[in-house]
Amino acid sequence: MIGASRQTQTVSFSMKFRVFLALCCGAASLASVSPHADAQVFPDSSSIVSRDLPNGLRVIVWPDHDIPNVAFYNWVRAGGRNEVPGITGLSHFFEHMMFNGTSTLAPGEFDRIMEASGGRNNAYTSNDVTVYQDWFPASALEIVLELEADRLSNLSFAPEVVESERGVVASERRSSVDNNNPGLLYEQVQATAFVAHPYQFPVIGWPSDIESWELDDLKSFFKRYYAPNNCTMVIVGDVQPDAVFAMVERLFGEIPAQEPPPAVRTAEPEQTGERRLVLRKAAQTPLLQLAYKSPEAGAAAGPALDLLLSILIDGDSSRLHQVMVDQQQLAVAVSGFRHEGFDPGLTWFFVTLPQGGDVGAAEQLLRDELARVAQSGVTDAELQKARNIVSADFWRGLSTIDGKASALGQFEVFHGGYAELFNAPARYEAVSAEDIQAVARQVFTDSGRTTGVLLPLEPPAQAGNGDGS
C-alpha cells in the first residue's frame, strides 16, 4: 500500500502486516471480528444513516458523541487494478496531487486550513482503492467538507506541480522499491504471480510510466475515477446526520456524475504450476517470500483463512514463529497477510533469514508446516486462541471513531455493504477446525504458489598475490 508523502496506512488484523506493507506497497483489509458478538453488542449501530445523492455519491454517517471529534473517509474506487501499461501508478500519483492545490487554493493551503482548524489528514493507495482520511473537531465539519468538495471539483493540473510531484513519486519508488530489498522482491513476486490480471502492476507504477505520464492522461483519469458516483464517503463522530446530509448535498450535489469506469474484465487464468524467481542484490541477509492464490474479499472461505493466518503467524507463539524462529532458528522473522480485493489475490508469507542463512532449508520447513496444517488441521485450542486475537483486534478498532469509519468503509466497498460489518461476528463464530483445514488444502497448493528468493551478492574473489597462490 502506497502512502505518498504521508504516513502509510492500512487495515489488517496484525500490526506486523502493516509494517511490511508500508515497505512493500501491498494492501490488506479488515479481517478481525469478534467470534462471539452479535448485533446487540453494537448499541449505537441503529443510528447509522446512509444516503445516495442524485449524482451517485454514497454517504454513510455514524453518530458517535463520546468525544467532540469527527473522522472522515472518502473511498475512491481507483487503484492499481484500474490501470494499464503506460499509465501504471496514476492512482497513487493522484494521492499526491489531491494535496497540491485547486483553482481556488494554492498548493499547501489544504493542509494549512485543515491544521488551523485543529485537524489532520492522510491518504493511502492500494491495488483496489485510494482512500482519503481527515480527523478534526466537530466544529470544523463544514470547513473540512468545503475543502473536500473543492479538491473533488477544482483540482489543479498546473504543469510545474505535476512535474514536481512526478519527481517526488520517482524518489519514493527508489526508496521503497528499487533500493529496498523486501519491496523489490515483493514487486517481482507480484508481477510473476499474475500473468494477465492488472494486480500484476505495482501500485507505485513502473519507472518508465512514472517518467512518461502526460497531462491528458491525468485529466482523463481524474474525470473518470474521481466522479461522485465512484466515491463512498463515511463520516463518524459528533455529528447529526440531517445536518451532515444538508452540507453534503449543498457542497457536493452539483458535482456532475460521469459514465461509470469500465469494468475490469480480465480474469487471471488458473495457475497450473509453481513459479519461482531468484534475485541477487547487495544485502546483509537472504529473504524468502511465498505467495499463494487466494479468494477475493467477501469470499465464503475468508473468515477461515483469516483465522488460519492468525494461527500460523500472529505473535511469538504462532506456529511458524515457534518452529522457524525459536526451535529451528532458520529465520529471524516470519510474517504475512492476505490481500482482500475486488478480485482473487494472494496470501503472502515473508521470511527474513539470519546472515548466511540456509534459504533452501527455511523454504522446505515453511512448506512442510503449511502442508502439515492441510493434512492434520489445527487444534481446538489454536482455533480459540485465534478467535481471541481477532476479537481483541476488532474491538480495539471499533473503540475509536477512526476505527469505525475505516470498518464501515471497508465493508461497504469490499463486502457487499456496511451492514455486513455486524454480520461478520457470526461468520467467524461459524468457522470450525474442519473449515480451516479445508481452506488450507484449497490455498496452500504447489500449483498455486509463487516463490521469490533474494540472495546477497557473492563477495568478490580475493585477488592473488602474483605468485600463483
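The rules behind these values
- Residues numbered from 1 in each chain as written.
- Predicted model: local features only at pLDDT ≥ 70, side-chain atom pairs only at ≥ 80, totals over all residues.
- Heavy atoms only, no water.
- Helix = DSSP H or I, 4+ residues; strand = E, 2+ residues; numbered from the N terminus.
- Buried < 20%, exposed > 50% of the residue type's maximum accessible area, 1.4 Å probe, protein only.
- Contact = heavy atoms within 4.5 Å.
- Areas by Shrake-Rupley, 256 points an atom, 1.4 Å probe, with all protein chains shown as cover.
- Pairing = 2+ DSSP bridges.
- Axes fitted to C-alpha atoms, helices over the stretch in contact; angles between N-to-C directions.
- Core = buried A, V, L, I, M, F, W, Y, C linked by side-chain atoms within 4.5 Å.
- pLDDT = per-residue confidence, 0-100.
- Parallel < 35°, antiparallel > 145°, perpendicular 65-115°, else oblique.
- Nonpolar A, V, L, I, M, F, W, Y, C, P; charged D, E, K, R; others polar.

Peer 1: Explain the overall build of the protein chain here, please?
Peer 2: Scanning the protein chain from N- to C-terminus turns up 16 helices and 11 strands. By the burial criterion, 58% of the 469 residues in the protein chain qualify as buried. Of the contacts made within the protein chain by residues no fewer than 6 positions apart, 81% connect residues no fewer than 24 positions apart. Counting only carbon and sulfur atoms, one obtains 50% of the accessible surface of the protein chain, whose full area is about 18,600 Å².

Peer 1: Whenever I open this one, the sheet that holds strand β4 (residues 120–125) confuses me. Can you help?
Peer 2: The strands making up a sheet associate through backbone hydrogen bonding, with each pair oriented either parallel or antiparallel. Reading across the sheet, the 6 strands line up as β1-β2-β6-β3-β5-β4 and stay open at both edges, with mixed pairing between neighbours. Looking along the sheet, the strands with just one partner apiece sit at the ends: β1 (49–52) and β4. Neighbour-to-neighbour, the strand axes of the sheet open up by a mean angle of 15°, direction not taken into account. Here strand β3 (residues 69–76) pairs with strand β5 (residues 130–137) via 8 bridges, running antiparallel. Each bridged residue has a counterpart across the sheet, and for F72 the counterpart in β5 is D134. Sitting on the sheet, helix α3 (residues 109–116) is in contact with β4 and β5, with an inclination near 135° to β4.

Peer 1: I keep staring at helix α11 (residues 319–327) and nothing clicks. Help me out?
Peer 2: Given 3.6 residues per helical turn, the α-helix brings residues three or four places apart onto the same face. Buried within α11 are the following residues: R319, L320, H321, V323, M324 and V325. Where α11 is buried, its residues touch α10 (302–313), β9 (333–338), β10 (345–352), α12 (359–376) and α13 (380–398). Q329 sits one or two positions beyond α11 and adopts a positive phi of about 55°.

Peer 1: Would you mind showing me how to read the nonpolar core here?
Peer 2: Among soluble globular proteins, nonpolar side chains are generally buried collectively. Counting 69 residues, the largest nonpolar core has F94, L145, Y226 and F252 as the members making the most contacts within it. With near-sequence residues (within four places) excluded, F252 lies in contact with L53, N55, L57, L145, E148, A149, L152 and M233. By size, the runner-up hydrophobic cluster in this structure holds 43 residues, among which are Y292, L320, A386 and Y428.

Peer 1: Would you mind going over the confidence of the model for the protein chain with me for this structure?
Peer 2: Low pLDDT marks regions whose predicted coordinates should not be analysed in detail. The share of residues in the protein chain with pLDDT of 70 or more is 88%, and the mean pLDDT across the chain is 89. A low-confidence stretch, residues 1–40 stays under pLDDT 50, and its non-local contacts, those more than four residues away or across chains, total 137 contacts. Across residues 463–469, where pLDDT falls below 50, the model places 1 contact with residues more than four positions away in sequence or in other chains.

Peer 1: Would you explain the pairing of strand β11 (residues 449–456) in this entry?
Peer 2: The side chains of a regular strand alternate between the sheet's two faces. Of all 8 residues in β11, 7 are buried, a share of seventy percent or more. When strand β7 (residues 275–281) meets β11, the two strands line up parallel, connected through 7 bridges. Along β11, the bridge assignment pairs R276 with T451. Bridge count between strand β8 (residues 287–294) and β11: 6 bridges; the pairing is antiparallel. Residue A291 lies in a different strand from β11, and its bridge partner there is T450.

Peer 1: How do you make sense of the environment of G273 when you look at a structure like this?
Peer 2: Within the secondary structure layout, G273 lies in the loop between α9 (241–252) and β7. Of the residues examined, G273 reaches a relative accessible area of 27% and is grouped as partly exposed. Beyond its immediate chain neighbours, meaning those up to four positions away, G273 contacts D446, S447 and R449.

Peer 1: Whenever I open this one, the packing of α10 against helix α16 (residues 433–443) confuses me. Can you help?
Peer 2: To describe two helices that pack against each other, one gives the angle between their axes and the distance between the axes. Between α10 and α16, the shortest axis-to-axis distance is 9 Å and the interhelical angle comes to 90°. Taken together, the axes of α10 and α16 lie roughly perpendicular to each other. Touching A304, L305, L307, L308 and I311 of α10 are D435, I436, V439, A440 and V443, all from α16. Across the contact of α10 with α16, the residue classes break down as 9 nonpolar, no polar and 1 charged.

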